[in-house]
Amino acid sequence: MAATEATRASEAPDATYDVLVLGAGPTGENVADRAHADGLSVAIVESELVGGECSYWACMPSKALLRPVTARSEARRVPGLADAAAGPLDASAVLARRDDVVGHWKDDGQVRWLDAAGIDLVRGHARLAGPRRVSVGGRTLAARHAVAVCTGSRPVLPPVPGLAAAKPWTSRNATSAKAVPGRLVVVGGGVVGVEMATAWRALGASVTLLVRGDGLLPRMEPFAGRLVAESLAEAGVFLRTGVEVSEVRREAPGGPVTVVLDSEVSGGSGGSGGSGDEIVADELLIATGRAPRTDDLGLETVGLEPGSWLRVDDSCLVTDVPGGWLYGVGDVNHRALLTHQGKYQARIAGAAIAARARQVPILDSGPWGAHAATADTAAVPQVVFSDPEAASVGLTAAAAERAGHRIRVVDQDLGAVAGAFLYADGYRGRARMIVDLDREILLGATFVGPGVGELLHSATVAVAGEVPVERLWHAVPAYPTISEVWLRLLEAYRSQGPS
Ligand SMILES: Cc1cc2nc3c(=O)[nH]c(=O)nc-3n(C[C@H](O)[C@H](O)[C@H](O)COP(=O)(O)OP(=O)(O)OC[C@H]3O[C@@H](n4cnc5c(N)ncnc54)[C@H](O)[C@@H]3O)c2cc1C
Ligand SMILES: NC(=O)c1ccc[n+]([C@@H]2O[C@H](COP(=O)([O-])OP(=O)(O)OC[C@H]3O[C@@H](n4cnc5c(N)ncnc54)[C@H](O)[C@@H]3O)[C@@H](O)[C@H]2O)c1
């Protein structure tokens, strides 16, 4: 323990609350709200903006950039409207709406919400200062019952020579840029890479997407990445797979950036640098994953490794710290790096904190209990807001097999249902459900196609509810909606006979 932190831990605190929440992103806000609603006094500490990454540099601005892209693309496939949507996007109007959506990077509205909810906001960088203690801005706060670390994650830069010095874009720059770059290279074929390549290409940039694996969106069913890659290529994105970046050079600040490639295989479909080993661009976006924001958090004062993801149980209680007072909720625990899962964990952790504060003897911590974030392992939904959208929940076929389930995979052409036919001419898409043959319930589902993001929750209810296939047969989708694909999937499953 550092000397100053040791001193602070033994001093009388400046203020004491029932619960201290570190980080006011979507997760921290919801832990605070739940705990306060259960009658506990709560202070929340925030070093930047109340609302966190999601509100200002992630979900909200990225979706504001993407909504005009998918709206235009769908309009272009509806005769009578297609001509009106034929032109380019008005990039300055799109960026201006993005600025409005993020409240011009001011958090007044969210601060008003905290005030109204009766939660105290402390501005500043929080650090743990021993058990149940937090230091912030020279003050020491104490927690009677719990400290919830909700400090989220930040982008990772891989250790490529010259990369850091070249000051590449991270997700923060890609979601907040004020102008469209002429040439953009994107590294990483995960969700950020795919969404940002989609948005900036549609806004007018020449985009090259560099992927070291053999396809996009590797955590989803393989057909999701294939359909999205086809569509990106049609939109003019140069996709190169099987490549690693070996060096980056930017001679002058703000000048062009040179990306040097190590091509392991010849795969991919072209590239703005042709088949050569160097690509020159105006900006370089690195979208290669996240690291926890725990490096300067005083973790060492409670026996944890600074910079590590927090290991937690299903109630989000940190397992490596004794005493039952430290929680890790949201991105920081690495269970599922999504806003809705962080908020879900917050509702579970908030309830667990309140129950433990009331000294409830036994928590409801079995699978699907009130104090167990079971969905984190069984039913995580995700929508990639690309064009077409890719939406999935639960296990892929490969993950189900790895987990030892006896499964049947049922695929359907999404474009063949009447709702899709009406939705857009030439609708292309695919649906898959994974059935557990022993329990006859769904383990997972994936939909790819325009508008499927709104279809996903039906599958989430089926997976999280463990609804028997026999009962799903009675869940009648309205005609003529895209949801009728459920009928096709269930008919195909039944037609294959008993397991
Ligand atoms: C480009 C992009 C797009 C995304 N789009 C989506 C999407 O569409 N849907 C979705 O579900 N997820 C999306 N995500 C993921 C989503 O942003 C995260 O899962 C979510 O923000 C996690 O919430 P959190 O509250 O755990 O952390 P954060 O949102 O990161 O909030 C953490 C907060 O803690 C504060 N903080 C950190 N350290 C300290 C400290 N020491 N003291 C005080 N405060 C501190 C930070 O300033 C921040 O405000 C996206 C991510 C990216 C990068
Ligand atoms: N719509 C959404 O739900 C949404 C949108 C954006 C981000 N997110 C979340 O934010 C998190 C971060 O997204 P992300 O795309 O940064 O991470 P990711 O983990 O989804 O994808 C990163 C990709 O980069 C690749 N990669 C890693 N190191 C590399 C290297 N050195 N060179 C080339 N490629 C490399 C990985 O193989 C992976 O495919 C994700 O967990 C995601 O769930 C969600």
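Here the residue numbering is sequential within each chain, running from 1 through the sequence in written order. Whichever chain is written first is A, and whichever ligand is written first is 1; the rest continue in order. It should be noted that, the model being predicted, local features are given only for residues of pLDDT at least 70 and side-chain atom pairs only at 80 or more, the latter also being counted only at that level, while totals for whole chains, interfaces and linings use all residues. Side-chain numbers here rest on the full set of heavy atoms in the structure, without hydrogens or water.

**Describing the nonpolar core**
Move 1: Grouped together as the largest cluster of nonpolar side chains are 39 residues, with contacts concentrated most on Leu184, Trp200, Val207, Leu209, Leu216, Leu217 and Leu285.
Move 2: In this view, Leu285 contacts Trp169, Thr170, Ser171, Ala174, Leu184, Val185, Val186, Val187 and Met196; residues no more than four positions away in its chain are not counted.
Move 3: In terms of nonpolar packing, the next biggest core, distinct from the first, is built from 36 residues, Val383, Val435, Val463 and Leu472 among them. In this text, buried Ala, Val, Leu, Ile, Met, Phe, Trp, Tyr and Cys residues form a nonpolar core when linked through side-chain atoms within 4.5 Å. Exposure is judged per residue with a 1.4 Å probe applied to protein chains only, and the accessible area is read against the type maximum: over 50% gives exposed, under 20% gives buried, and values in between give partly exposed. Throughout, a residue-residue contact means that at least one pair of heavy atoms, one from each residue, lies within 4.5 Å.

**Observations regarding the site of ligand 2**
Move 1: Nearness is defined per residue: one heavy atom within 4 Å of the molecule or strand is enough. Around ligand 2, the structure places 20 residues, and the nearest of them are Val192, Glu195, Arg219, Gln382 and Val383.
Move 2: What qualifies as a polar contact is a pair of N or O atoms within 3.5 Å, subject to a donor-acceptor requirement within protein and to the restriction that residues adjacent in sequence count only when both atoms come from side chains. One of the backbone N or O atoms of Val192 is found 2.9 Å from an oxygen atom in ligand 2.
Move 3: One of the backbone N or O atoms of Leu337 is found 3.4 Å from an oxygen atom in ligand 2.
Move 4: All accessible-area figures derive from a Shrake-Rupley calculation using a 1.4 Å probe, and residue coverage is judged against the displayed protein chains alone. Here ligand 2, which alone exposes 840 Å², has 79% of that area covered by the protein.
Move 5: What counts as a helix is a DSSP run of H or I of at least four residues, what counts as a strand is a run of E of at least two, and both are numbered from the N terminus. Put simply, the parts of the chain that give the shell around ligand 2 at least two residues each are α8 (191–202) and β17 (381–384).
Move 6: Among the elements that make up the shell around ligand 2, the one with the highest residue count is α8 (three residues).
Move 7: In the scheme used here, Gly and all other residues not listed as nonpolar or charged are polar, with Ala, Val, Leu, Ile, Met, Phe, Trp, Tyr, Cys and Pro taken as nonpolar and Asp, Glu, Lys and Arg as charged. The residue inventory of the shell around ligand 2, partitioned by class, reads ten nonpolar, five polar and five charged.

**Let's talk about the domain arrangement of the protein chain**
Move 1: Here the protein chain is described as being made up of domain 1 (3–51 + 107–155 + 291–375), domain 2 (164–288) and domain 3 (388–495).
Move 2: Residue ranges for the domains trace back to a domain assignment, done automatically or taken from a database. Between the C-alpha centres of domain 2 and domain 3 the distance comes to 31 Å.
Move 3: At the interface, twelve residues of domain 2 touch 13 residues of domain 3.
Move 4: Throughout, the accessible surface (probe 1.4 Å) given up by two parts as they are put together, summed over both, is called the buried area. Surface buried jointly by domain 2 and domain 3 totals about 1,000 Å² across both partners, of which 65% is contributed by carbon and sulfur atoms.
Move 5: Looking only at domain 2, the three residues that lose the most surface to domain 3 are Met220, Glu221 and Phe223, adding up to 57% of its buried area.

**A short note on the site of ligand 1**
Move 1: Close contacts around ligand 1 come from 36 residues, with Glu46, Lys63, Ala126, Asp331 and Thr339 the closest.
Move 2: One of the side-chain N or O atoms of Asp331 is found 2.8 Å from an oxygen atom in ligand 1.
Move 3: One of the side-chain nitrogen or oxygen atoms of His340 is found 3.2 Å away from an oxygen atom of ligand 1.
Move 4: Considered on its own, ligand 1 offers 1,000 Å² of accessible surface; in the complex 93% of this is hidden by protein.
Move 5: Secondary structure elements with two or more residues in the shell around ligand 1: α2 (26–37), β2 (42–46), α3 (52–57), α4 (59–75), α7 (171–176) and α10 (339–357).
Move 6: Looking at the shell around ligand 1, its residues break down into 13 nonpolar, 16 polar and seven charged.
Move 7: Two domains each put at least three residues into the shell around ligand 1: domain 1 (3–51 + 107–155 + 291–375) and domain 2 (164–288).

**Observations concerning the UniProt feature "domain: Pyridine nucleotide-disulphide oxidoreductase dimerisation" (unreviewed entry) in the protein chain**
Move 1: UniProt positions are given in the numbering used here, feature names are shortened, and annotations may be inferred rather than shown by experiment. Here, UniProt's "domain: Pyridine nucleotide-disulphide oxidoreductase dimerisation" (unreviewed entry) annotation points to residues 380–486.
Move 2: Across residues 380–486, helical content stands at 25% and strand content at 31%; the span's end C-alpha atoms are separated by 19 Å.

**Topic: the pattern of salt bridges**
Move 1: Any carboxyl oxygen of Asp or Glu that lies within 4 Å of a side-chain nitrogen of Lys or Arg is treated as forming a salt bridge with it. Scanning the entire structure with this criterion turns up 27 salt bridges.
Move 2: Among the ionic pairs, Arg98 bridges to Asp99, the shortest N-O distance being 2.7 Å. As far as burial versus exposure is concerned, Arg98 and Asp99 are alike and both buried.
Move 3: The residue Arg428 makes a salt bridge to Glu234 at a minimum N-O spacing of 2.9 Å. Taken together, the residues span a long stretch of sequence, with Arg428 in the loop between α13 (418–423) and β20 (430–436) and Glu234 in helix α9 (residues 222–234) at a distance of 194 residues.
Move 4: A residue is classified by how much of its surface remains accessible, and Arg428, at 42% relative accessible area, is partly exposed.
Move 5: Judged by relative accessible area, Glu234 falls into the exposed class, the value being 56%.
Move 6: Put simply, Glu48, Glu53, Arg172 and Arg293 are held in one network by salt bridges that share partners.

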